[in-house]
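Structure assessment
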Amino acid sequence: MQNIFQQARGNVIPVLFLIVFSISLMYVDQRFSHLESVRAGISVLISPLRYLVSLPAQSGTWISEWFRTHNRLVDENRQLTNDQRILNARLQKMEVLLAENTRLRNLLGSSRKVADEVIVAELLSVDQNPYRQLIELNKGSLDGLYDGQAVIDDYGVMGQVIHVTPNSSTVMLISDPEHAIPVQFIRSGLRTVAFGNGNTDELEIRFLSATANIKIGDELVTSGLGGRFPADYPVAAIAEITHDKTHGFISARARPKARLDSSREVLVIKPYTEPVLEAKPEEETAPAQAPESASEQ
Amino acid sequence: MIGLNFLVIPLSLVLGLVLMMIPLPEWTEIYRPDWIALVLIYWSMAMPQRVGLWVAFISGLFVDVTLGTLLGQHSLALTIIVFINLNFHLRIRVMPLVHQSLYVFLLLLINQLTVVWIEGMMQREPPVMAYFGAPLVGMAIWPWVFIALRDIRRKAQLS
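Keep in mind that what you see is a predicted model, and the values were worked out from it rather than measured. (Residues numbered from 1 in each chain as written. Chains lettered and ligands numbered in written order. Predicted model: local features only at pLDDT ≥ 70, side-chain atom pairs only at ≥ 80, totals over all residues. Heavy atoms only, no water.)

Let us look at the overall build of chain A. Each helix and strand counted, chain A has five helices and 12 strands in total. In chain A, the proportion of contacts linking residues at least 24 apart, taken out of those at least 6 apart, comes to 57%. As displayed, chain A has an accessible area near 17800 Å², and 57% of this comes from carbon and sulfur atoms. (Helix = DSSP H or I, 4+ residues; strand = E, 2+ residues; numbered from the N terminus. Contact = heavy atoms within 4.5 Å. Areas by Shrake-Rupley, 256 points an atom, 1.4 Å probe, with all protein chains shown as cover.)

If you want it as structure tokens, here you go:
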């Protein structure tokens, strides 16, 4: 028995050390980014498990594609060809407009980002943390991804990349309680910030002045302020407006355009950077860091 | 002394991690038992000389990366409950399974409270069931976890 009590007492010092150590780890992880490489290292170790876990869902889609009937495929093909034709027609118009737009902008002497490159990535898993809204993608720094890139699906903005490992990356959705995205109303041009609140079908817009010109159905696009999200991508539409009588503010709830809970293929945007050095230094640092962080890992 | 048989310990921890990753409908998330905690409680009870604080701490780091929480959040919680368990393991080992389940519920609750409080410190408000849901489910499955791991341990002839 003596031995056992000694053992228990012998554990006190290691446990105190580990408690202090984990608290300081959390502090450093919260405030600084020094631990990114540790996180990336562990993430690489568990990435086979992530693939393993996502296998059943993926094989489900393979099987359903394999057994699809001929008729349905023909129908689908016809439908897609039609869509393609319509989209092409629209695109022709778009290109003319784009060219015209650039020409006019050149005339005005204001240069502006024209087109962004995208990388197609697939959803690997959704992080099982009930307090956060994070997803894992199957592309990483080897495919040219880096921290801070915007992620969209075919309907609108989904979120931004927050951690990259060589072959996978973590994306914080715009509905994460820690996320805020600078937006602009298309109709009124009003600029504001939309916060996530943990629900995939809701964004919050807080503290608009009581006289703000908004109504239900207003479309929000990214404003491009802050330099994280490129401008003019659709974000959400206003679904509900609340007047806060006591404080004289308006707050609103918006429904995200992107299908945050069901998109499987997403696009990671590689912002088009001007060769001319007109951008602010802050905007410069984000793309410039990319090759460094890629070589680090 | 460390032979191939000892691989069952890390393998059971890896299995626990996989069980924590498997996608389930969103509303079930707060009821998902902390599998790693259950596995660690078993091994630190059965083989305290092999599975101790450091194993708990490192497993916690893996859980943190898996769940996208702060590095150290689950390490802290798991270290605390394994420490408590190391001090009581001789008394708990001989208890009937039902009594053990109650004790395991307490440990899981401490684990959960630590994690939820840290979330709360970062201004994220968890639902009330986040405190009790997972520990209750954990308590309910403890007897099966215990029996399964005990049989594995006996097959692997670890003592």
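On to the interface of chain B and chain A, then. Opposite the 43 residues of chain B that make contact, chain A presents 35 residues. In total, chain B and chain A occlude about 3600 Å² of area from one another, counting both sides; carbon and sulfur atoms represent 73% of this. At the junction of chain B and chain A, the tally comes to zero salt bridges. Seen at the junction of chain B and chain A, the total is three residue pairs in polar contact (both at pLDDT 80 or more). Sorting the residues of the side of chain B that touches chain A by element identifies helix H1 (8-21), helix H3 (53-67), helix H4 (73-93) and helix H5 (97-121) of chain B as the ones contributing at least two each. Here the side of chain B that touches chain A is built from residues that sort into 28 nonpolar, nine polar and six charged. (Buried area = accessible area lost by both parts, 1.4 Å probe. Salt bridge = Lys/Arg side-chain N within 4 Å of Asp/Glu carboxyl O. Polar contact = N/O pair within 3.5 Å; in protein donor to acceptor, adjacent residues only side chain to side chain. Nonpolar A, V, L, I, M, F, W, Y, C, P; charged D, E, K, R; others polar.)

All names here are of chain A. On the surface, Leu52, Leu55, Trp62, Ile63, Trp66 and Phe67 cluster together to form a nonpolar patch covering roughly 770 Å² of accessible area. Tracing the backbone through its elements, the reader meets isoleucine 63 in helix H3 (residues 36-66). You can call isoleucine 63 partly exposed: its relative accessible area is 48%. (Patch = residues over 30% accessible without salt bridge, like charges linked within 9 Å, V, L, I, M, F, W, Y side chains within 5 Å. Buried < 20%, exposed > 50% of the residue type's maximum accessible area, 1.4 Å probe, protein only.)

This part takes up the pattern of salt bridges. Residue and element names in this part refer to chain A. Tallied over the full model, the rule gives 12 salt bridges over all chains. The shortest N-O distance in the salt bridge between aspartate 75 and arginine 78 comes to 3.9 Å. One end of the pair, aspartate 75, and the other, arginine 78, are both in helix H4 (residues 70-108), three residues apart, so they sit about a helical turn from each other. Assessed through its relative accessible area of 47%, aspartate 75 is described here as partly exposed. When its relative accessible area of 52% is taken as the criterion, arginine 78 is described as exposed.

With 21 residues, H4 of chain B should reach 30 Å at 1.5 Å per residue; the first-to-last C-alpha distance of 28 Å fits that figure. By the largest-angle criterion, asparagine 87 of chain B marks the main kink of H4 of chain B, which is about 55°. (Expected span 1.5 Å × (residues − 1). Bend = angle between axes of the 7 residues up to and from the residue.)

Among the nonpolar cores identified, the biggest contains 51 residues, and Ile36, Leu40, Ile41, Trp43 and Trp142 of chain B are the most heavily contacted of them. Among the elements of the structure, helix H2 (12-31) and H3 of chain A together with H1, helix H2 (35-46), H3, H4, H5 and helix H6 (129-155) of chain B are those that each provide at least two residues to this core. In terms of residue count, H2 of chain B provides more of this core than any other element does, 10 residues in total. Tryptophan 142 of chain B has contacts with Leu38, Ile41, Tyr42, Met45, Leu97, Gln100, Ser101 and Val104 of chain B, leaving out every residue within four places of it along the chain. (Core = buried A, V, L, I, M, F, W, Y, C linked by side-chain atoms within 4.5 Å.)

All names here are of chain A. In spatial order, the strands read S1-S2-S5-S4-S3-S12; together these six strands close into a barrel with antiparallel pairing. Across the sheet, the axes of successive neighbouring strands diverge by a mean angle of 45°, strand direction being ignored. The pairing of strand S3 (residues 150-152) with strand S12 (residues 265-270) spans two bridges and is classified as antiparallel. When the bridges of S12 are listed, isoleucine 152 appears paired with leucine 267. (Pairing = 2+ DSSP bridges. Axes fitted to C-alpha atoms, helices over the stretch in contact; angles between N-to-C directions.)

Let us look at the pairing of strand S6 (residues 180-185) of chain A. All names here are of chain A. Residue alternation in S6 divides its side chains into a buried set, Ile181, Val183 and Phe185, and an unburied set, Ala180, Pro182 and Gln184. In terms of strand pairing, S6 meets strand S7 (residues 191-196) through five bridges, oriented antiparallel. Looking at the pairing, alanine 180 lines up with phenylalanine 195 of S7. Two elements, S6 and strand S9 (residues 219-222), share three bridges in a ladder whose sense is antiparallel. By the bridge assignment for S9, glutamine 184 is matched with valine 221.

Let us look at the packing of aromatic side chains. Inspection of every chain in the model, using the stated rule, returns nine aromatic pairs over all chains. Ring plane angle 65° and centroid distance 5.3 Å describe the contact between phenylalanine 207 of chain A and phenylalanine 249 of chain A, whose orientation is recorded as edge-to-face. Of the two residues, phenylalanine 207 of chain A sits in strand S8 (residues 203-209) while phenylalanine 249 of chain A sits in strand S11 (residues 249-256), which places them 42 residues apart along the sequence. Of the residues examined, phenylalanine 207 of chain A reaches a relative accessible area of 60% and is grouped as exposed. Phenylalanine 249 of chain A sits in the partly exposed class, given a relative accessible area of 33%. Put simply, the rings of Phe17 and Phe21 of chain A together with Trp54 and Phe57 of chain B touch in pairs and so form one group of aromatic residues. Taking NZ or CZ as reference, arginine 206 of chain A lies 4.1 Å from the ring centre of phenylalanine 195 of chain A, over its face. (Phe/Tyr/Trp six-rings, centres within 6.5 Å; stacked < 30°, edge-to-face > 60°. Lys NZ or Arg CZ within 6 Å of the ring centre and 35° of its normal.)

Residue and element names in this part refer to chain B. Where H2 meets H5, the closest approach of the two axes is 11 Å, and the angle between their N-to-C directions is 125°. Classified by the interaxial angle, the pair formed by H2 and H5 is oblique. Of the two elements, H2 crosses H5, and the hand of that crossing is right-handed. Residues Ala37, Leu38, Ile41 and Met45 of H2 lie in contact with H5, whose contacting residues are Gln100, Tyr103, Val104, Leu107, Leu108 and Asn111. Considering only residue class, the contact of H2 with H5 consists of eight nonpolar, two polar and no charged. (Parallel < 35°, antiparallel > 145°, perpendicular 65-115°, else oblique. Left-handed = near helix turned anticlockwise from the far one by under 90°.)

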